[in-house]
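# Structure at a glance
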Amino acid sequence: MPDEPRSAVVLAGRRGGEDPLARADGAPHRALLDIEGEPMLARVVRTLLARPGLERVLINIDAPELLDDLPALRAPGIEGRVDVLKSTASPSRSVLESLDRAGLDEGPVLVTTADHALLDDPMLDAFLGGSREADADLFVALVPREAIRARFPEARRTYLTFRDEAYSGANLFLFSTPAARRAAEFWQRVERERKRPWRIARAFGWLNLALFVTRRLDLDAALARASRVVGARVRAIPLPIAEAAVDVDKVADLELVRRILAER
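Residues numbered from 1 in each chain as written. Predicted model: local features only at pLDDT ≥ 70, side-chain atom pairs only at ≥ 80, totals over all residues. Heavy atoms only, no water.

When its secondary structure is counted, the protein chain shows 10 helices and 10 strands. Dimensions of the protein chain along its principal axes, counting C-alpha atoms only, are 50 × 40 × 40 Å. Counted over contacts in the protein chain with a minimum sequence separation of 6, partners at least 24 positions apart contribute 75%. For the protein chain, the accessible surface area stands at approximately 13300 Å², while carbon and sulfur atoms represent 50% of it. Averaging the coordinates of the 40 positive side-chain charges in the protein chain and doing the same for the 41 negative ones gives two points 7 Å apart. (Helix = DSSP H or I, 4+ residues; strand = E, 2+ residues; numbered from the N terminus. Contact = heavy atoms within 4.5 Å. Areas by Shrake-Rupley, 256 points an atom, 1.4 Å probe, with all protein chains shown as cover. Lys, Arg positive; Asp, Glu negative; His and termini not counted. Charge placed at Lys NZ, Arg CZ, Asp CG, Glu CD.)

For the rest of this paragraph, the subject is the side chain of His29. On the secondary structure map, His29 appears in the loop between helix H1 (20–25) and strand E2 (34–35). In contact with His29, other than residues within four places in its own chain, are Ala12, Arg14, Ala22, Ile61, Asp62 and Leu66.

Okay, a nonpolar patch on the surface next. A cluster of nonpolar side chains, namely Leu160, Phe212 and Val213, defines an oily patch on the protein surface of about 270 Å² accessible area. Tracing the chain through its elements places Leu160 in strand E8 (residues 160–161). (Patch = residues over 30% accessible without salt bridge, like charges linked within 9 Å, V, L, I, M, F, W, Y side chains within 5 Å. Salt bridge = Lys/Arg side-chain N within 4 Å of Asp/Glu carboxyl O.)

This brings us to the nonpolar core. The nonpolar side chains of a soluble globular protein tend to be buried with one another. In terms of nonpolar packing, the biggest core is built from 58 residues, with Val45, Leu110 and Phe127 touching the most fellow members. Within the residue set of this core, elements represented by two or more residues are strand E1 (7–11), H1, helix H2 (40–49), strand E4 (56–61), helix H4 (121–132), strand E7 (138–144), strand E9 (166–175) and helix H10 (251–263). Per-element tally for this core: the top contributor is H2, with six residues. For Leu110, the residues in contact, after removing those within four places along its chain, are Pro5, Ser7, Ala8, Val9, Leu48, Leu54, Leu124, Phe127, Leu128, Leu172, Phe173 and Leu174. (Core = buried A, V, L, I, M, F, W, Y, C linked by side-chain atoms within 4.5 Å. Buried < 20%, exposed > 50% of the residue type's maximum accessible area, 1.4 Å probe, protein only.)

Tracing the sequence through the fold places Ser92 in helix H3 (residues 91–102). Considering only alpha carbons, one finds Ser92 and Leu223, 131 residues apart in sequence, at a separation of 19 Å. Ignoring anything within four residues of it in the chain, the contact list for Ser92 reads Ala184, Trp187, Gln188 and Glu191. Within the structure, the side chain of Ser92 is placed 2.6 Å from the side chain of Glu191, a separation counted as a polar contact. (Polar contact = N/O pair within 3.5 Å; in protein donor to acceptor, adjacent residues only side chain to side chain.)

Our next topic: the pairing of E7. Among the seven residues that make up E7, seven are buried, leaving the element largely enclosed by the rest of the structure. Burial along E7 is two-sided: the residues Leu138, Val140, Leu142 and Pro144 and Phe139, Ala141 and Val143 are all buried. In terms of strand pairing, E7 meets E9 through six bridges, oriented antiparallel. Counterpart to Phe139 in the pairing with E9 is Leu174. Note: E7 against strand E10 (residues 234–238), five bridges, orientation parallel. Each bridged residue has a counterpart across the sheet, and for Ala141 the counterpart in E10 is Ile237. (Pairing = 2+ DSSP bridges.)

Mapped onto the fold, Met40 is located in helix H2. Look at Met40 and you get buried, because its relative accessible area is 0%. Distance in space between the C-alpha atoms of Met40 and Leu207 is 42 Å, their sequence separation being 167 residues. Those residues in contact with Met40 that sit more than four places away from it in its chain are Arg30, Ala31, Leu32, Leu33, Ile35, Ala114, Asp115, Ala117 and Val248.

Right, let's talk about the packing of aromatic side chains for a bit. Following the criterion strictly, the structure yields one aromatic pair and no others. Note that Arg145 overlies the ring of Tyr159, its terminal NZ or CZ placed 5.6 Å from the centroid. (Phe/Tyr/Trp six-rings, centres within 6.5 Å; stacked < 30°, edge-to-face > 60°. Lys NZ or Arg CZ within 6 Å of the ring centre and 35° of its normal.)

As a further point, take unusual backbone geometry. With the exception of glycine, the majority of residues adopt a negative phi angle, and the majority of peptide bonds are in the trans configuration. A positive phi angle, near 55°, is found at Asn171, a position not held by glycine. When you line up the elements, Asn171 lands in strand E9. One non-glycine residue, Arg215, lies in positive phi territory at about 55°. Relative to the helices and strands, Arg215 is located in the loop between helix H8 (206–213) and helix H9 (219–230).

So this is what it looks like as structure tokens:
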């Protein structure tokens, strides 16, 4: 049962060159898309720093200079509590460097993304509350497909399908112990072998992959096998909140986020 995190990491690094979504909306960076009058990144940071006990936020971004004169990060309650780290070309390496900078050895670190525009207290309460009731090194938030389709029947999302249910990621991770670092290290290994898929398959184990592809495993069984592969105990926290699975990857996502917030 992990303690409440005192530090959080917001991943805001871009992959590749110019971002078509940011260009289409007139923003200098996807993380700085306007959401109800404030940059999306600042909205996420503000939500995190409003949590009791959460003291600091580390922003991992490929263009730190864009944040130098961002007024939203100098607002009362935020100024002095935000650090910035330049991201690398490797997402896994950026996560590892962020965990080291945030101080994983000193306590749990919450990790999310800058495009989690709808992040709010109910989501965080559900995720962190679920982690307090379990024992693992790494907790991952997932949203059941049933919940998403009931709330957003026309939304297109990517799902991981298991024997019991299909789930979409919620871009919320709690690195609860230093051992959780091994999961990011395994991810880094997968990145290095991305042009050699047979090596990735061998790393996961052919039997594990066969059981997953044929949907013979439920979520808990699949993560139990994954835990043995990466060398860290990984647990999923299912969230019955469809909005938790909405991130801003394309124009339709941005329109959906703005519509949801306008309706509120």
